[in-house]
Amino acid sequence: MKNLTPLAQTYLDRFDAARRSLPGHASPAVTALRESGLARFKALDFPGRKVEEWRFTNLSPLTKGIEAMEAPATSLPVAEFKTPHVMTFINGRFSHANSALGELPKGLTLTSFASELDAGNSTLLESDAEDSRAVVALNTAFMEDGFVLTAAENTTLDTSILIRFVSLDGTADNARHMRNIIRLGKNATVTLLEEHAGADGHAYFANPVTDIALEEGARLNHYKFQAESNTAFHLATTDCEVPAGAHYENFSLSTGARLSRNEITTRITGDKALSSLNGAYLIRGHQHCDTTTITRHLVPENESKQVYKGILDDDAQGVFQGKIQIVPDAQKVSGDQLSRALLLSDRASVAVKPELEIHADDVKCSHGASSGELDEDALFYLQSRGIDGKTARKMLIDAFLADVLDEITDEAVRSFFAAITARWMEEV
Amino acid sequence: MLEIKDLHATVGDKEILKGINLTIKAGEIHAVMGPNGAGKSTLSYVLAGREGYEVTSGDVLYKGENLLDLSPDERACRGIFLAFQYPVEIPGVASATFLKTAYNAQRKFRGESEVDAMEFLKLVREKTKELDIKDDMLKRAVNVGFSGGEKKRNEVLQMSLLEPDLMLLDETDSGLDIDALKIAADGVNRLRSPERAGLIITHYQRLLDYIVPDFVHVLADGKIVKSGDKSLALELEEKGYAALSAA
Ligand SMILES: Nc1ncnc2c1ncn2[C@@H]1O[C@H](COP(=O)(O)OP(=O)(O)OP(=O)(O)O)[C@@H](O)[C@H]1O
Ligand SMILES: [Mg+2]
């Protein structure tokens, strides 16, 4: 048998000791799940670059093992996004003291995944046993906490929920295998913002897996701000099922991590369903940011849209892989995808792989991809009117990003994200 | 105001300006005419400070200072304005934002307080009215989807707003209809004063009926080959540049 990567081997070595303290250890069902996850992970290992889906993202800086770095532990930063509903996870565990769930409407529950596992509630994870993705299998073996959000039929929450995943140190067992579950009943509406953050200099591996199921007519605005430490690894996997009349809106803003991947799969299973996946990534230095989407239209008459924009400075590397699948007979489907990258340095690069797998003939699909530098003519034009070079560059970068931020329906989140991007640009 | 001495400039590896000498005093308007590819736009870009237009020898003094040391925005703030032959489209940047940013940048440079959105809007409205420009243009992205003539009017609008000391107009007349030409010329004439000067590049004598120049120069193959008063433009109109080089 071939050798496992060093990090995979540590996970195998660590499992026996770890599972005795992981949540749900008293539950045979949970234990069985963890064991099956470990077995699959052992067979798979972390994906190497020969695995087609990971061709552009080289995990070897992670898999050779994370070096703990000398960086002082920090304290929890105050949340910048203001909302009465805040759930906080510190170093991978729910922190009651730093959470304020506020008054949630009847029918809506927000609990910690660890408490669900400890209660032996493994039914949340039925689909897990067959998952063939290595990072998901690893998560199943080691999942330790996360949020579980359920909303009963017709439940509406007007204000956003903020979920914070904050890493305050980067030592010892420096992994965060978060497992999040979202279940929205018929016509329920919820807006959720996830923040993933860690202070620069802390090295750790965040491996969140989020499983979402919407029922008919439900709407989820699902936003994510990834601002992990500049020495951290962040590999996120999100799955969402979108049935008839449901609307899943996702927007991911990524500015952090040394290496990150945001993989989202939506399964569109009903008519008049809409999957809207958007995002922006702003990276510099040696950061690597991978966005991978898989959109599966499984029945006729529904829609998917995607707009992703990246701004890359220095030696940063971006990846966009977008697959749109339309199965036979899924007629009258529309699928649009756009990915654009702005390269602020000639060492920055982006790899783009759009994939359309269309097996129905009466569909409307489009994809566009571009990458380029700031328009020198436009820069000169602005400067020739008295606008200094730095401001002129900022105006053009702003203009590049503006329309993707417009995809965010929630106004508060939109202005929060606009503030973050503006701050990032201060350093351009 | 402007002194150009034996100016040589290259674009890429090609020498385009081959020894230009030209002095423009405050209060004067100079017209520059000349065949396609002679280097007229190149001269205007060198004066405005465009990257890639390399001065290999010679000097340019503006208000007694070495102009070539200054960045394009510093030149603009010190009063140089170039109306582009081909104005640039800038998707995603609203015209109003652009104009206000430029206007305030120049005020700030002069140590004046910045104007707020309301005050600025009032000012722009005055100018758009003078120049017969539709206000909805301000909401659109800079030059995006503008017709050829609209782009040129937009250049004149910016110039009227920024009130430069040295106006450089590169074929602002091409693309303008007859009425618009007159309106644009009025815009330039309103700015004319004993403290200001202008360099007007054009192919057509007609513009010079409206903006009457003090001097007319012919630029051919990177050099000024002939200078005269406004009658030179009429003569060129009649005989063309071929007659000039034959003479
Ligand atoms: N980037 C470039 N690379 C190489 N040659 C260039 C470049 N830009 C301009 N040129 C050349 O420089 C010469 C002068 O161009 P310029 O635009 O200054 O001419 P012009 O006098 O303004 O002509 P027109 O009347 O057609 O506007 C032309 O031969 C042109 O092809
Ligand atoms: Mg020209």
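About the cut-offs
- Residues numbered from 1 in each chain as written.
- Chains lettered and ligands numbered in written order.
- Predicted model: local features only at pLDDT ≥ 70, side-chain atom pairs only at ≥ 80, totals over all residues.
- Heavy atoms only, no water.
- Helix = DSSP H or I, 4+ residues; strand = E, 2+ residues; numbered from the N terminus.
- Rg over C-alpha atoms; globule rule 2.2 N^0.38 Å.
- Buried < 20%, exposed > 50% of the residue type's maximum accessible area, 1.4 Å probe, protein only.
- Contact = heavy atoms within 4.5 Å.
- Areas by Shrake-Rupley, 256 points an atom, 1.4 Å probe, with all protein chains shown as cover.
- Donors = N, O, S within 2.8 Å, 3.2 Å for Na, K, Ca; no water.
- Salt bridge = Lys/Arg side-chain N within 4 Å of Asp/Glu carboxyl O.
- Phe/Tyr/Trp six-rings, centres within 6.5 Å; stacked < 30°, edge-to-face > 60°.
- Lys NZ or Arg CZ within 6 Å of the ring centre and 35° of its normal.
- Core = buried A, V, L, I, M, F, W, Y, C linked by side-chain atoms within 4.5 Å.
- Domains from an automatic or database assignment.
- Pairing = 2+ DSSP bridges.
- Axes fitted to C-alpha atoms, helices over the stretch in contact; angles between N-to-C directions.
- 1 Å grid on protein atoms, 1.4 Å probe; cavity = no way out; pocket = protein on both sides within 12 Å on 5 of 7 lines; lining within 4 Å.
- Points joined across faces, edges and corners; volume = space filled by probe spheres on them.
- Nonpolar A, V, L, I, M, F, W, Y, C, P; charged D, E, K, R; others polar.

Trainee: I keep staring at the overall build of chain A and nothing clicks. Help me out?
Mentor: Along its length, chain A carries eight helices and 21 strands. On C-alpha atoms alone, chain A measures out to a radius of gyration of 21 Å, which is about the 22 Å that the 2.2 N^0.38 rule sets for 428 residues. Considering only C-alpha atoms, chain A reaches an extent of 70 × 55 × 50 Å along its principal axes. The buried share of chain A, reckoned over its 428 residues, is 58%. In chain A, the proportion of contacts linking residues at least 24 apart, taken out of those at least 6 apart, comes to 85%. If you sum the accessible surface of chain A, you get close to 16600 Å²; carbon and sulfur atoms cover 50% of it.

Trainee: Quick question: what am I supposed to make of the side chain of Lys-323 of chain A here?
Mentor: Looking at where Lys-323 of chain A falls in the secondary structure, it is placed in strand β18 (residues 317–326). Apart from the residues within four sequence positions on either side, Lys-323 of chain A is in contact with Thr-293, Ile-294, Thr-295, Gln-337, Glu-355 and Glu-357 of chain A.

Trainee: When you look at the coordination of the magnesium ion (ligand 2) in this model, what are you seeing that I'm missing?
Mentor: Reference geometry at the metal: tetrahedral coordination by four donors gives ideal angles of 109.5 degrees; octahedral coordination by six donors gives 90 or 180 degrees. All names here are of chain B. Only Ser-41 (OG) and Gln-85 (OE1) from the protein reach the magnesium ion (ligand 2) as donors, at distances of 2.0 to 2.1 Å. Linking Ser-41 in helix α1 (residues 40–48) with Gln-85 in the loop between β6 (80–83) and β7 (90–94), this pair joins segments that are 44 residues apart in sequence. Neither residue differs from the other here; Ser-41 and Gln-85 are each classed as buried.

Trainee: Teacher, can you tell me more about the pattern of salt bridges here?
Mentor: A pair can form between side chains of opposite charge whenever their charged atoms are brought close. Going through the model one piece at a time under the given rule, you end up with 37 salt bridges over all chains. The salt bridge partner of Lys-353 of chain A is Glu-52 of chain A, with a shortest N-O separation of 2.8 Å. A residue pair is termed long-range when its members are at least 10 positions apart, and Lys-353 of chain A in strand β20 (residues 349–358) and Glu-52 of chain A in the loop between α2 (28–44) and α3 (60–63) qualify at 301 residues. By relative accessible area, Glu-52 of chain A is classed as partly exposed at 39%. A salt bridge links Asp-186 of chain B to Lys-182 of chain B; the nearest nitrogen and oxygen atoms lie 3.7 Å apart. Here Asp-186 of chain B pairs with Lys-182 of chain B, and both are found in helix α6 (residues 178–191), just four residues apart, close to one helical turn. Linked through salt bridges whose partners overlap, the residues forming this network are Asp-131, Arg-133, Asp-239, Arg-261, Glu-263 and Asp-290 of chain A.

Trainee: Before we go on, may I ask you to explain the packing of aromatic side chains in this structure?
Mentor: Each pair of aromatic rings is reported with the distance of its centres and the angle of its planes. Residues and elements named next belong to chain A. Under the definition given, this model contains 21 aromatic pairs over all chains. Consider the rings of Phe-81 and Phe-416, whose centres lie 5.5 Å apart with planes at 55°: the pair is tilted. On the criterion of sequence distance, the pair formed by Phe-81 in the loop between α3 and β1 (85–90) and Phe-416 in helix α8 (residues 411–426) is long-range, its members being 335 residues apart. Residue Phe-81 shares its accessibility class with Phe-416, and that shared class is buried. Relative to Phe-416, the ring of Phe-225 lies with its centre 5.9 Å away and its plane at 90°, an arrangement referred to as edge-to-face. Taken together, the residues Phe-225 in strand β11 (residues 219–227) and Phe-416 in helix α8 connect sequence positions 191 residues apart. Take Phe-225 and Phe-416: they sit in the same class, and that class is buried. Through a chain of ring-to-ring contacts, three or more aromatic side chains come together here, namely Tyr-11, Phe-15, Phe-41, Phe-46, Phe-142 and Phe-205. Its guanidinium or amino end placed over the ring of Trp-54, Arg-261 lies 3.6 Å from that ring's centre, counting from NZ or CZ. Cation over ring: Arg-385 sits above Tyr-381, and NZ or CZ is 4.8 Å from the ring centre.

Trainee: I tried to follow the nonpolar core on my own but got confused; where do I start?
Mentor: A general trend in soluble globular proteins is that nonpolar side chains are found buried together. Residues Phe-251, Ile-311 and Phe-417 of chain A together with Ile-4, Leu-47 and Ile-90 of chain B are the most contacted members of the largest nonpolar core, which totals 103 residues. Among the elements that take part in this core, helix α7 (residues 389–405) of chain A stands out by supplying nine residues, more than any other. A domain-level breakdown of this core finds at least three residues from each of domain 1 (6–269) and domain 2 (375–428) of chain A. Ala-151, Ala-188, Ala-218 and Val-242 of chain A belong to the second-largest nonpolar core, a separate cluster that totals 31 residues.

Trainee: What should I look at first to understand the sheet that holds strand β10 (residues 197–201) of chain B in this one?
Mentor: Sheet strands pair via backbone hydrogen bonds, and the direction of the pair is either parallel or antiparallel. All names here are of chain B. Taken together, the six strands give an open sheet; going across it, the order is β6-β9-β10-β3-β11-β12, and neighbouring strands pair in mixed fashion. Edge positions in the sheet fall to β6 and β12 (223–228), since each has one partner strand and no second. Neighbouring strand axes in the sheet, compared pairwise and without regard to direction, differ in orientation by 20° on average. Here four bridges tie strand β3 (residues 29–33) to strand β11 (residues 215–220), and the two strands are oriented parallel to one another. Bridging from a neighbouring strand, Val-32 pairs with His-217 of β11.

Trainee: I tried to follow empty space enclosed by the protein on my own but got confused; where do I start?
Mentor: Unfilled space is identified by rolling a water-sized probe across the atoms. Residue and element names in this part refer to chain A. Applying the stated criterion to the full structure yields seven cavities of 30 Å³ or more. Considering only enclosed or pocket space, the largest cavity measures out at about 100 Å³ in volume. Lining the largest cavity are Phe-89, Gly-92, Phe-165, Val-166, Ser-167, Arg-176, Met-178, His-196, Tyr-204, Ala-206, Pro-208 and Glu-228. With three residues, the single largest contributor to the lining of the largest cavity is strand β5 (residues 161–167). When the residues that make up the lining of the largest cavity are grouped by side-chain class, the tally is seven nonpolar, three polar and two charged. A volume near 70 Å³ is recorded for the second largest cavity. Lining of the second largest cavity is provided by 14 residues; of these, Glu-194, Lys-224, Ala-236, Thr-238 and Asn-262 occupy positions nearest its centre. Going through the elements one at a time, β8 (189–198), β10 (209–214), β11, β12 (233–242), β13 (247–254) and β14 (259–268) are the ones with two or more residues in the lining of the second largest cavity. The biggest single contributor to the lining of the second largest cavity is β12, with three residues. Here the lining of the second largest cavity is composed, by residue class, of four nonpolar, eight polar and two charged.

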